[in-house]
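One-letter residues, chain by chain:
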Amino acid sequence: MKHTRVKDLLNSNNTLHEVNAKGWVRTFRNNQFIALNDGSTINNIQCVVDFENTAEETLKRITTGAAISVTGNLVESKGAGQKYEIQVKKLEILGDSDAEKFPMQPKKHSLEFLRENAHLRVRTNAFGAIMRIRSVLSFAVHSYFQQKGFVYVNTPIITGADAEGAGEMFQITSLPLNNLPKNEEGNIDYKKDFFGKHTNLTVSGQLEGETFAMALGQIYTFGPTFRAENSNTSRHLAEFWMIEPEVAFNNLDDNMDLAEDFIQYVIKFAMDKCGDDLKFLEGRLLDEEKSKPQAERSEMALLEKLNFVLENNFKRVSYTEAIDILRDCTPNKKKKFQYIINEWGADLQSEHERYLVEKHFKCPVILFDYPANIKAFYMRLNEDGKTVRAMDILFPGIGEIVGGSQREERFDVLVEKMKALGIDEEELWWYLDTRRFGSAVHSGFGLGFERLVLFVTGMSNIRDVIPFPRTPQNADF
Ligand code: ATP
Ligand code: MN
């Protein structure tokens, strides 16, 4: 008999004769009531066992974590809390779970403990909810761009280009590390390596993405990205997923409009599709915050916060205005910031970004027109000669969620900039071709998918919104 998903059983419009459900036992109480979950929804279905007519041996094997199959009628539940339940006629144990040993006991576990058991944490309510939301959000990403006629591009994961010019890359090699071939100068001879050159895992698909935008008009990438940055923060992963749209003929204002519209769309999409999961996570967050001092608690509950982002425009503020605000703010004057803001040109740290968003503007903020020398080489130089058409979107509780810019489309200006920064023109000959042949104004941005999932789920550590996190000193599973 084909089994029916728990979600469909719970959503049934009427009672049903003879249904079959398969899933994992969450709890079994009074030798009678099984809470069964199959991952289709956060909600369990109650299965009522006729314990007087069930073998003692079988009852003992209905333990938390066990996989079972139940067959019976779907009837109206007498108990509170659910509309329907299954009156079990036939119960089969598919896979036992030793109650003494199964790590996911029906009690509260710390997030640290759950990370150590990332292969089983997805069997908890919170992680089931997070991973379903993550899946829906990634569908929303494609839905948004496809509906607008963007072309999905798969940029290479192994690359010879360092898009950010910032290092922090994982090298790829098939050379024997204990016997590296050397050239005449005594350096490693990458000509003997697999690709005949030095290669890395990509830190961004942008440069390749730009070449496609200059042919297909509007494109997006959505793929894995790698950064060997040794920053052990709650917002950085060594392997994360990035979404990078790139659009020909868009200037920076168009770019901001696109980013804002996109973020609002995907959040709305998740709210429409993941009501039960979000409600659960909202409760989880309220619970977690009870243990925090009042000042650290969020002012809004999760759904209210998501609605707020949908209903309010992001505040657009120039870097120069932001510096003025920061220089004069109380935490700066009282030296509460770790990095004191003294003058124009300072790079903003996450403490500054969070002050602007959480304390000053109290809404998402788009900062634009940054000093040229703290931003990447490909960003378009403004007429003032010292700022570039860059934008970062800052979110409450997250900090930077998007980094983007209008790209430098002028060949001479771009080459000048590369020379000044010591970036090899020969290496990027193909990138410069976009400026040699039919160059045009174009813009794009990168959004870290996990930071979006963090925001939507109300979680606070990025390790908890990706199935198997990769961070310094950790690549388990
Ligand atoms: P940050 O200052 O937070 O390190 P960044 O300036 O290095 O970010 P970009 O190079 O602009 O970030 O990358 C675009 C987006 O990718 C960021 O806005 C962020 O959402 C995401 N991102 C960057 N680095 C990471 C990381 N290590 N883990 C997860 N997401 C990241
Ligand atoms: Mn970074």
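Residues numbered from 1 in each chain as written. Chains lettered and ligands numbered in written order. Predicted model: local features only at pLDDT ≥ 70, side-chain atom pairs only at ≥ 80, totals over all residues. Heavy atoms only, no water.

The subject of this paragraph is helix H6 (residues 252-273). Across its 22 residues, H6 extends 32 Å between first and last C-alpha, which sits within 8% of the 32 Å expected from 1.5 Å per residue. The N-cap residue of H6 is Asn251: its side-chain oxygen and the backbone nitrogen of Asp253 are 3.0 Å apart. (Helix = DSSP H or I, 4+ residues; strand = E, 2+ residues; numbered from the N terminus. Expected span 1.5 Å × (residues − 1). Polar contact = N/O pair within 3.5 Å; in protein donor to acceptor, adjacent residues only side chain to side chain.)

How big an interface is tends to be stated in terms of the accessible area lost upon association of its parts. Considered domain by domain, the chain is made up of domain 1 (6-102) and domain 2 (123-168 + 203-464). The distance between the C-alpha centroids of domain 1 and domain 2 comes to 44 Å. Residue-level contacts link nine residues of domain 1 with eight residues of domain 2. Together, the buried faces of domain 1 and domain 2 total about 670 Å²; carbon and sulfur atoms form 43% of this surface. (Domains from an automatic or database assignment. Contact = heavy atoms within 4.5 Å. Buried area = accessible area lost by both parts, 1.4 Å probe.)

Once that is clear, we can look at the sheet that holds strand S7 (residues 158-159). The three strands lie next to each other as S7-S9-S8, forming an open sheet whose pairing is antiparallel. Single-partner strands in this sheet number two, and they are S7 and strand S8 (171-172). In this structure, S7 lies alongside strand S9 (residues 199-201), joined through two bridges in antiparallel fashion. Across the sheet, residue Thr159 finds its bridge partner in S9, namely Asn200. (Pairing = 2+ DSSP bridges.)

Glancing now at unusual backbone geometry. In this structure, Glu18 takes a positive phi of about 55° despite not being glycine. Assignment of secondary structure puts Glu18 in strand S1 (residues 16-29). Of note, the phi angle at Lys335 is positive, near 55°, even though the residue is not glycine. Along the chain, Lys335 turns up in the loop between helix H10 (330-333) and helix H11 (350-361). The exposure class assigned to Lys335 is exposed, which follows from its relative accessible area of 62%. (Buried < 20%, exposed > 50% of the residue type's maximum accessible area, 1.4 Å probe, protein only.)

We now examine the packing of aromatic side chains. Describing an aromatic ring pair means giving the distance of the ring centres and the angle of the ring planes. This structure, assessed with the given rule, holds 22 aromatic pairs. These aromatic residues form a ring-pair network of at least three members: Phe139, Tyr144, Phe145, Phe150, Tyr152, Tyr220, Phe262, Tyr265, Phe269 and Phe445. The side chain of Lys375 reaches across the aromatic face of Tyr370, ending 4.2 Å from its centre. In this structure, Lys386 is placed above the aromatic ring of Trp344, and the distance from its NZ or CZ to the ring centre is 4.4 Å. (Phe/Tyr/Trp six-rings, centres within 6.5 Å; stacked < 30°, edge-to-face > 60°. Lys NZ or Arg CZ within 6 Å of the ring centre and 35° of its normal.)

The next thing to look at is the site of ligand 1. Within the structure, ligand 1 sits among 16 residues, and Arg227, Glu229, His236, Glu400 and Arg451 are positioned closest to it. At 3.5 Å, a backbone N or O of Val402 approaches an oxygen atom of ligand 1. At 3.0 Å from an oxygen atom of ligand 1 is found a main-chain nitrogen or oxygen belonging to Gly448. Look at ligand 1: alone it shows 590 Å² of surface, and the protein chains cover 83% of it. For the shell around ligand 1, the elements supplying multiple residues, two or more each, are strand S11 (239-248), strand S15 (399-406) and strand S16 (442-448). It is S15 that contributes the most residues to the shell around ligand 1, four residues altogether. In terms of residue class, the shell around ligand 1 is made up of six nonpolar, four polar and six charged. (Near = heavy atom within 4 Å. Areas by Shrake-Rupley, 256 points an atom, 1.4 Å probe, with all protein chains shown as cover. Nonpolar A, V, L, I, M, F, W, Y, C, P; charged D, E, K, R; others polar.)

This part is about the packing of H6 against helix H14 (residues 449-457). Describing two packed helices takes the angle between their axes plus the distance from one axis to the other. One way to put it is that H6 packs onto H14 with a least axis distance of 11 Å and a crossing angle of 50°. Relative to H14, the element H6 is oriented oblique. The two elements H6 and H14 cross, and the hand of that crossing is right-handed. Contacts between H6 and H14 pair Val266, Ile267 and Ala270 from the former with Leu452, Phe455 and Val456 from the latter. When its residues are assigned to classes, the contact of H6 with H14 shows six nonpolar, no polar and no charged. (Axes fitted to C-alpha atoms, helices over the stretch in contact; angles between N-to-C directions. Parallel < 35°, antiparallel > 145°, perpendicular 65-115°, else oblique. Left-handed = near helix turned anticlockwise from the far one by under 90°.)

Our next topic: the environment of Ile267. Turning to its location among the elements, Ile267 is positioned in helix H6. Taking C-alpha positions, Ile267 is 7.7 Å from Leu310, a pair spaced 43 residues apart along the chain. Those residues within four positions of Ile267 in sequence are excluded, and the remaining contacts are Leu306, Val309, Leu310, Leu452, Phe455 and Val456.

Within the secondary structure, Asn382 is located in the loop between strand S13 (365-371) and strand S14 (387-395). On the basis of relative accessibility, which here comes to 14%, the residue Asn382 falls in the buried class. Through-space distance from the C-alpha of Asn382 to that of Tyr370 is 9.8 Å; in sequence the pair is 12 residues apart. Apart from the residues within four sequence positions on either side, Asn382 is in contact with Asp369, Thr387, Val388 and Arg389. Looking at Asn382, its side chain comes within polar contact range of the side chain of Arg389, at 3.3 Å.

Enumeration according to the criterion identifies 31 salt bridges in this entry. Across the salt bridge formed by Lys101 and Asp98, the nearest N and O atoms sit 3.8 Å from each other. Residues Arg410 and Glu408 are paired through a salt bridge, measuring 2.7 Å at the closest nitrogen-oxygen approach. Arg410 gets classed as partly exposed once you look at its relative accessible area, which sits at 27%. Look at the salt bridges and you will find they share partners, linking Glu210, Glu246, Arg407 and Arg435 into a network. (Salt bridge = Lys/Arg side-chain N within 4 Å of Asp/Glu carboxyl O.)

This part is about a nonpolar patch on the surface. Together, Ile157, Ile158, Phe194 and Phe195 give the surface a local cluster of nonpolar side chains, amounting to about 400 Å² of exposed area. Under the relative-accessibility criterion, Phe194 is labelled exposed at 63%. (Patch = residues over 30% accessible without salt bridge, like charges linked within 9 Å, V, L, I, M, F, W, Y side chains within 5 Å.)

This part is about the pairing of S13. Burial runs high along S13: seven of the seven residues are buried. As paired elements, strand S12 (residues 315-318) and S13 share four bridges and run parallel to each other. Its bridge partner lying in S13, Arg316 is registered against Ile366. Sheet topology places S13 next to S14; six bridges connect them, and they run antiparallel. Of the residues in S14, the one forming a bridge with Leu367 is Asp392.

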